[in-house]
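Descriptive structure summary
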Amino acid sequence: MALSSSYYSSSWSDLLPELMDAVFHSLNDVKDILSCATVCSSWRYSSSAVYSRKFVPLLFVSHPSSAYEETRFSDRFRVLSLDNLGFSGNDDQRWICGSTRGYLLTVNVSFQFEVSLQNPFTNTVVSLPPLTSFEDVQRLIQFQATSQHSGALTLIKEFVKKVASSKILLDSECVVLIIYNTNGGKLAFCRRGDKQWTELESDHIDDIVFCNGVFLAMDRTGVIYQCELNPDNLKAVPLCTASPFRYEPCKKCFAESDHGKLWVVLQKLDVSDDFDFTTYFEIYEFNSETKEWTVVISLRGKALFLSPQGRCVAVIAGETGSGGFIKDNSIYFTDGSLSVFEWESKQSKKLHQTGFCNLMFWVTPEDVLQR
């Protein structure tokens, strides 16, 4: 029996989205994806889904208040939550404290508060020394045992402030650096196979990053240190003697540009006559050869992702920001809510307010930065 032309037409239309998705997914240059999006609406729809999967950080939300809230997030970003991680074991028995290179830093709730880095997609686990190797945690455990006060567990839960790691987490030479402590930020690190964390003399550290082969730390005044982790000569050496943002009374954090340059981002508050608070940003780029800082005057063609517990990076973005594409010349930041700062207008817009005690940060898989 001969098949009608409508049969072939129907079959082809059913297969076309899958074929387009396969073709777009084979593209490894984000500029090619953005070009495909300008052809027609169907190409834009298919290319935007691939763009989101391959070139944009994921948004971790610890406790979405509802399926509707998670859907709202996923309209623009891929979302990770405790409900969809699929970790082995009991997810209620671990805390998630942050991320580095696509891995989540987790702490087991019970003694000895084992620490690990876990890939949310492959379930690959990198075991790290437990928190009980810190004297501060041992004192908190003793206080918890004698007083039965729940506040000690909260302090242990918030003991690790941030994590950064060298490039290859599964490599035997991998180094992991953390900011820790319950009163002021201090530094500690470990190598694969270590049984204890090694402390690095430091105080009041607000941020860390691994950039261009070195670990860097920044204290609350804006002084930046290069962390030298040679076992025979551990030290944190000031990177440069002066910076234009030193002593600026605002939040400061590291970020990595899309071409591997070191940025320092200043998050400032402007107070109007009506006592309205507006968040705005300044960015400085470091020249490793001249040891000088220059102001970044535009993010044209790029979007920057900022969060205290995640890796802060700039990625290539589309111009319109609609239909699943991230808007360029913008900063997407988490600070008790999810917001976007539009560089040109210098205005911030709240995209979503999170619930109480809801942790939210960006997760950046390594391959996002290798395109």
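Residues numbered from 1 in each chain as written. Predicted model: local features only at pLDDT ≥ 70, side-chain atom pairs only at ≥ 80, totals over all residues. Heavy atoms only, no water.

So, the nonpolar core
Considering soluble globular proteins, one finds that nonpolar side chains tend to be buried as a cluster. If you look at the biggest cluster of nonpolar residues, it comprises 27 residues, and the most contacted ones within it are Leu128, Leu131, Phe134, Val176, Ile178 and Trp197. Elements that contribute at least two residues to this core include exactly strand 3 (94-100), strand 4 (103-108), strand 5 (115-118), strand 6 (125-128), helix 5 (135-147), strand 7 (160-165), strand 8 (175-180) and strand 9 (186-191). Setting aside residues no more than four positions away along its own chain, Phe134 makes contact with Phe159, Ile178, Tyr180, Ala188, Trp197 and Glu199. By size, the runner-up hydrophobic cluster in this structure holds 17 residues, among which are Val79, Ala303, Phe305 and Met360. (Core = buried A, V, L, I, M, F, W, Y, C linked by side-chain atoms within 4.5 Å. Buried < 20%, exposed > 50% of the residue type's maximum accessible area, 1.4 Å probe, protein only. Helix = DSSP H or I, 4+ residues; strand = E, 2+ residues; numbered from the N terminus. Contact = heavy atoms within 4.5 Å.)

Quick notes on the pairing of strand 21 (residues 330-334)
Burial within strand 21 is extensive, with five of its five residues counted as buried. In this sheet, strand 21 lies alongside strand 19 (residues 302-306) in parallel orientation, the contact comprising four bridges. Bridge pairing in strand 21 places Ala303 opposite Ser330. Here strand 21 folds back onto strand 22 (residues 337-342) in antiparallel fashion, the turn holding two residues, of which Gly336 has a positive phi close to 80°. (Pairing = 2+ DSSP bridges.)

Let's talk about the pairing of strand 16 (residues 262-271)
Counting buried residues along strand 16, seven of its 10 residues qualify, which places the element largely inside the surrounding structure. One ladder, built from six bridges, connects strand 15 (residues 251-256) with strand 16; its direction is antiparallel. What sits directly across from Lys252, in strand 16, is Leu266. The turn joining strand 15 and strand 16, which pair antiparallel and follow one another in sequence, is formed by five residues; a positive phi near 80° is taken by Gly260.

A look at the pattern of salt bridges
If the charged atoms of two oppositely charged side chains come close together, the side chains can form a pair. Summed over the entire model, instances satisfying the criterion amount to 12 salt bridges. Measuring nitrogen to oxygen at the nearest pair gives 3.1 Å for the salt bridge that ties Lys251 to Asp335. Pair noted here: Lys251 is in strand 15 and Asp335 is in the loop between strand 21 and strand 22, with a separation of 84 residues, a long-range link. Taken together, the salt bridges that share partners define one network made up of Glu135, Asp136 and Arg139. (Salt bridge = Lys/Arg side-chain N within 4 Å of Asp/Glu carboxyl O.)

A short note on the sheet that holds strand 9
Sheet architecture is open: four strands sit in the order 7-8-9-10, paired in antiparallel fashion. This sheet does not close on itself; its edge strands, each paired only once, are strand 7 and strand 10 (198-200). With direction set aside, neighbouring strand axes in the sheet form an average angle of 30°. As paired elements, strand 9 and strand 10 share three bridges and run antiparallel to each other. Each bridged residue has a counterpart across the sheet, and for Ala188 the counterpart in strand 10 is Glu199. (Axes fitted to C-alpha atoms, helices over the stretch in contact; angles between N-to-C directions.)

A short note on the sheet that holds strand 3
Pairing is antiparallel across the open sheet formed by four strands, whose spatial order is 3-4-5-6. Both edges of this open sheet fall to strand 3 and strand 6, since each of them pairs with a single strand only. Averaged over all neighbouring strand pairs, the angle between strand axes comes to 25°, with direction disregarded. Both strand 4 and strand 5 contribute to a ladder of four bridges, which runs antiparallel. The partner of Thr106 across the bridge, within strand 5, is Ser116.

Read these as spatial facts, not as claims about activity.
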